[in-house]
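# Notes for the structure review
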Protein chains: 2
Amino acid sequence: MEAKTTDEPEEIADLCEDLCEGLAEAQENLGCELMERIAGKWPLWVLYVLAQNDEPLRFSRVHERVEGISQKVLTQTLRQLERDGLISRTLYPQVPPRVDYALTPLGHELLVQIMPLGRWITDHMGAFEAARHDFDSGKAK
Amino acid sequence: MEAKTTDEPEEIADLCEDLCEGLAEAQENLGCELMERIAGKWPLWVLYVLAQNDEPLRFSRVHERVEGISQKVLTQTLRQLERDGLISRTLYPQVPPRVDYALTPLGHELLVQIMPLGRWITDHMGAFEAARHDFDSGKAK
DNA sequence: CAGGATCCGGTCCGATACTG
DNA sequence: CAGTATCGGACCGGATCCTG
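What comes next concerns the included structure. (Residues numbered from 1 in each chain as written. Chains lettered and ligands numbered in written order. Predicted model: local features only at pLDDT ≥ 70, side-chain atom pairs only at ≥ 80, totals over all residues. Heavy atoms only, no water.)

## Some points on the pattern of salt bridges
The final tally for this structure, using the stated rule, is eight salt bridges over all chains. Between arginine 83 of chain A and aspartate 136 of chain B there is a salt bridge, and its shortest N-O distance comes to 2.5 Å. Of the two residues, arginine 83 of chain A is situated in helix 5 (residues 71-83) and aspartate 136 of chain B in helix 7 (residues 125-139); the pairing between them involves two chains. Look at arginine 83 of chain A and you get partly exposed, because its relative accessible area is 22%. A relative accessible area of 34% means that aspartate 136 of chain B is categorised as partly exposed. Among the salt bridges present, the one from arginine 98 of chain B reaches aspartate 100 of chain B, with a minimum N-O distance of 3.3 Å. Relative accessible area serves as the criterion here: at 30%, arginine 98 of chain B is assigned to the partly exposed category. Judged by its relative accessible area of 4%, aspartate 100 of chain B is buried. (Salt bridge = Lys/Arg side-chain N within 4 Å of Asp/Glu carboxyl O. Helix = DSSP H or I, 4+ residues; strand = E, 2+ residues; numbered from the N terminus. Buried < 20%, exposed > 50% of the residue type's maximum accessible area, 1.4 Å probe, protein only.)

Right under this line is the structure:
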């Protein structure tokens, strides 16, 4: 019949099933949107910063810790995360105003879910770098 | 879904450790780049399409299956994925030319790693929608 | 202190035309 | 068939100024 790749067809088919059940809908609908959102440069970073502290963080503190982000984008990011229920925003009607951001259980769980992926990526960083090097040197002829 | 409010500090600290070990480097360095890359709208989609077939796919086939993508962006995406060693590109010097794309073991494993995350997202889609609704209706006063 | 409003340069993306 | 090249528009993010 058809030539198969390096893996056994069963493995692929098995993966396919899971993917069709779990990822397919996410891909073509709203989950894809979420994947993109959290996978941007800043959102995960912000969640990570909030996770490092067991207490809520003020806007300024987050701004300090997520170095490189502009105030505008940080505000946008925080709004998005709040909208998706990943963080909570608490406004203290003081003067000067004070706003605390904290991870929600949902946001916490999301980090837990993403963690193994992050670990896997770091573990295979060498493979990625090698692949890139091969590709680049191959094209630079 | 677990309905725990503010988690115990120990849990957070525990998470922190893992995050610091696994995600921190990825965040601030190259892994972050990879996270963003694969999490874009198309890359994962392309990988997913390739995973559905146990045989390599031609450019046209991929283009058909990843509906909505332009030819230009598809080319870019495929190049990226190839550069990162997630897919393989095989050129047959025919006329008309023929190019086959297939998942590499690395790309295959990446999908396996991402799957549980995708599943978790779909499982909690309701929570996300609810959070968004709450947020939107709260602001629309 | 937190963040809204504005301007503006860089980037991304789609459509089109063209090549091996 | 599988791209590359180019152009114009949309969008994104940064810097600055201003408000409660």
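## Here's the deal with the protein's contact with DNA strand D
In the vicinity of DNA strand D there are 17 residues, among which Lys72 and Pro97 of chain A together with Ser60, Arg89 and Tyr101 of chain B approach most closely. The sugar-phosphate backbone supplies 54% of the atoms of DNA strand D found within 4 Å of the protein. Here a base oxygen of DNA strand D and a side-chain polar atom of lysine 72 of chain A are 2.2 Å apart. Between DNA strand D and the protein, one listed contact pairs a phosphate oxygen with a side-chain N or O atom of arginine 79 of chain B at 3.2 Å. Counting only elements with at least two residues in the surface near DNA strand D, the list comes to helix 5 of chain A together with helix 4 (59-65), helix 5 (71-83) and strand 3 (98-103) of chain B. In terms of residue count, helix 5 of chain B provides more of the surface near DNA strand D than any other element does, four residues in total. For the surface near DNA strand D, a count of residues per class yields seven nonpolar, five polar and five charged. (Near = heavy atom within 4 Å. Polar contact = N/O pair within 3.5 Å; in protein donor to acceptor, adjacent residues only side chain to side chain. Nonpolar A, V, L, I, M, F, W, Y, C, P; charged D, E, K, R; others polar.)

## Observations regarding the sheet that holds strand 2 (residues 87-92) of chain B
All names here are of chain B. The strand order across the open sheet built from three strands is 1-3-2, with neighbouring strands paired in antiparallel fashion. One side of each edge strand has no neighbouring strand; the edge strands of this open sheet are strand 1 (57-58) and strand 2. In this structure, strand 1 lies alongside strand 3, joined through two bridges in antiparallel fashion. Opposite leucine 57, over in strand 3, you have tyrosine 101 as the bridge partner. (Pairing = 2+ DSSP bridges.)

## A short note on the sheet that holds strand 1 (residues 57-58) of chain A
All names here are of chain A. Pairing is antiparallel in the open sheet, where three strands are placed in the order 1-3-2. The outermost strands of the open sheet, each flanked by one partner alone, are strand 1 and strand 2 (87-92). Sheet strands in contact with helix 3 (residues 43-52) are strand 1, strand 2 and strand 3 (98-103), and its direction is about 95 degrees off that of strand 3. (Contact = heavy atoms within 4.5 Å. Axes fitted to C-alpha atoms, helices over the stretch in contact; angles between N-to-C directions.)

## Re the protein's contact with DNA strand C
Around DNA strand C, a shell composed of 16 residues is seen, among which Phe59, Ser60 and Arg89 of chain A together with Lys72 and Pro97 of chain B lie nearest. Expressed as a percentage, the sugar and phosphate content of the atoms of DNA strand C within 4 Å of the protein is 56%. Contact between DNA strand C and arginine 79 of chain A: a phosphate oxygen at 3.1 Å from a side-chain N or O atom of the residue. Arginine 89 of chain A is positioned with one of its side-chain polar atoms (N or O) 2.5 Å from a phosphate oxygen of DNA strand C. Of all the secondary-structure elements, those providing two or more residues to the surface near DNA strand C are helix 4 (59-65), helix 5 and strand 3 of chain A together with helix 5 of chain B. Sort the elements by how many residues they give to the surface near DNA strand C and helix 5 of chain A lands first, with four residues.

All we've got here are geometric facts, nothing functional implied.
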